[in-house]
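The residues making up each chain are set out below.
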Amino acid sequence: MGAPKGLRKRASKQHQTAQTKSAPNETADGPRAKKPVLVAGLTKFLGSLDWIDVALVVLFLVSSFVTRFYKIAEPAAVVFDEFHFWDFVAMYWRRTHLFDIHPPLGKLLLLLGGYMGGFQPGDFSADGIGKVYPSTESFVSLRQTAAFFGIFQPALTYLTSRALGCDFVSSITTGTMVLCENMILMESRFVLVDSQVLFFSQMALLCALHLWKQPPKSRSRWVMVLVTGFFAGCALSVKWTTLATPGIIAIVSFFGLFLPASRLSIRECVAAAASGLSIYVFADWVHFALSVYAGMGDAFLPPHYQATLIGNKHYNASAKRRPFFPDLFVTKNVQMFRSNKSIKTRHPWESKWYEWILDLRGILYW
């Protein structure tokens, strides 16, 4: 004698519910495939955006592309600090050693963009503002590399505002201000590293805002720890002056101030620092790997390193092996710190902090 029909239906539903709860990752066709951590994190991030957010981000990207790339070959002459950075890239291209007060990542990324875009420096030297470039191949690809990083700044500003809880109007306003800000626009159109400074700093901050929302001990939290540390390390690998952003992120994360749902553990802080340090060290390793010939600033490094540079007064053809990289890394960064610390002369175009806000002082670019 069977059970009543209604009881059988309820039992069947309870059995189906129990199966669903016991096997949440299974479907009717079998076990559900797990998404990779990065894919799952990206899907979660995109899923948190409204369709209006996506449309506005695309609009900002398109507008930035137009404003950054329009007539980027004009003027076809050395502008402002292209006087320095074009020569730095050309030195790397010619495998000539150089010493600069800034870390090498920004210059190496310009070199990579130039290589991909057909950069041909020839024997040209950008030794004077206003000096005419010999051909478009000698400078346009480098400007395009700087402009590439500049494309993302308005969109990143918008996304950061949204991540901070701002409404559409406030976020659109901040993104538009960055899109139209003349100084940011100019810095993105020439052979300079400032667009990289802003890009990596903004990426570090945006990633940190999403890191602070992740549940403790989750895989997505660990991914965001490493990604945030990576972009913070990239920012510091371009210029030390970006320390403010990674520093604020580190303080807020470690002490759990204001925004994070919970403070980062010691292990997470160490992992973020290791992620950032890895890109910083790698950039210096590439810097030394490209240095074959004697060049600018050889004297800042020890004689046994100079002995490996062709054309240096200490060059020794039998010294085939480079000094231990960690020694070169430490020596170079100590000399960078000392050189920065020893700068006492005032810049002819310096301005007070309030003059920037009120736009009381311009800069002669060309």
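Placed above this text is the structure.
Residues numbered from 1 in each chain as written. Predicted model: local features only at pLDDT ≥ 70, side-chain atom pairs only at ≥ 80, totals over all residues. Heavy atoms only, no water.

## Regarding the overall build of the chain
Working step 1: Of regular secondary structure, the chain possesses 16 helices and 2 strands.
Working step 2: Counting across all 366 residues of the chain, residues that qualify as buried make up 42%.
Working step 3: By sequence separation, contacts in the chain at least 24 residues apart represent 74% of the contacts at least 6 residues apart.
Working step 4: If you sum the accessible surface of the chain, you get close to 20,800 Å²; carbon and sulfur atoms cover 67% of it. (Helix = DSSP H or I, 4+ residues; strand = E, 2+ residues; numbered from the N terminus. Buried < 20%, exposed > 50% of the residue type's maximum accessible area, 1.4 Å probe, protein only. Contact = heavy atoms within 4.5 Å. Areas by Shrake-Rupley, 256 points an atom, 1.4 Å probe, with all protein chains shown as cover.)

## Brief notes about empty space enclosed by the protein
Working step 1: Tallied over the entire structure, the rule returns 1 cavity of 30 Å³ or more.
Working step 2: Here the largest cavity is characterised by a volume of approximately 30 Å³.
Working step 3: Partitioning the lining of the largest cavity into residue classes produces 4 nonpolar, 2 polar and 3 charged. (1 Å grid on protein atoms, 1.4 Å probe; cavity = no way out; pocket = protein on both sides within 12 Å on 5 of 7 lines; lining within 4 Å. Points joined across faces, edges and corners; volume = space filled by probe spheres on them. Nonpolar A, V, L, I, M, F, W, Y, C, P; charged D, E, K, R; others polar.)

## Looking at the side chain of K239
Working step 1: Of note, K239 is situated in the loop between α11 (219-238) and α12 (244-255).
Working step 2: Its relative accessible area of 14% is what places K239 among the buried residues.

## Concerning a nonpolar patch on the surface
Working step 1: Together, V54, V58, V62, F65, V66 and Y70 line one region of the surface with nonpolar side chains, adding up to about 570 Å² of accessible area.
Working step 2: Tracing the chain through its elements places V58 in helix α3 (residues 51-69).
Working step 3: Classification of V58 by relative accessible area gives partly exposed; the value is 44%. (Patch = residues over 30% accessible without salt bridge, like charges linked within 9 Å, V, L, I, M, F, W, Y side chains within 5 Å. Salt bridge = Lys/Arg side-chain N within 4 Å of Asp/Glu carboxyl O.)

## What to know about unusual backbone geometry
Working step 1: Backbone torsion omega between E74 and P75 reads -10°, so that peptide bond is classified as cis.
Working step 2: Note on placement: P75 falls in the loop between α3 and α4 (82-93).
Working step 3: Positioned with a positive phi, K71 is a non-glycine residue whose angle comes to about 50°.
Working step 4: Within the element layout of this structure, K71 appears in the loop between α3 and α4.
Working step 5: Within the chain, R95 stands out as a residue other than glycine whose phi angle is a positive 60°.

## Observations regarding the layout of surface pockets
Working step 1: In this model, the largest pocket occupies a volume close to 1,100 Å³.
Working step 2: Residue lining of the largest pocket: 34 residues in total, with F80, D81, H102, K239 and H347 positioned closest to the centre.
Working step 3: At the level of secondary structure, the elements contributing two or more residues to the lining of the largest pocket comprise α4, α9 (182-187) and α10 (194-211).
Working step 4: In terms of residue count, the dominant contributor to the lining of the largest pocket is α4 (6 residues).
Working step 5: Across the lining of the largest pocket, the residue classes break down as 19 nonpolar, 5 polar and 10 charged.

## Considerations on the nonpolar core
Working step 1: Core analysis: the biggest nonpolar cluster contains 66 residues, and W86, F200 and W212 have the highest contact counts within it.
Working step 2: For this core, the element with the most residues is α10, which contributes 10 residues.
Working step 3: For W212, the contacting residues outside a window of four places in its chain are I249, V252, S253, L259, P260, A261 and L264. (Core = buried A, V, L, I, M, F, W, Y, C linked by side-chain atoms within 4.5 Å.)

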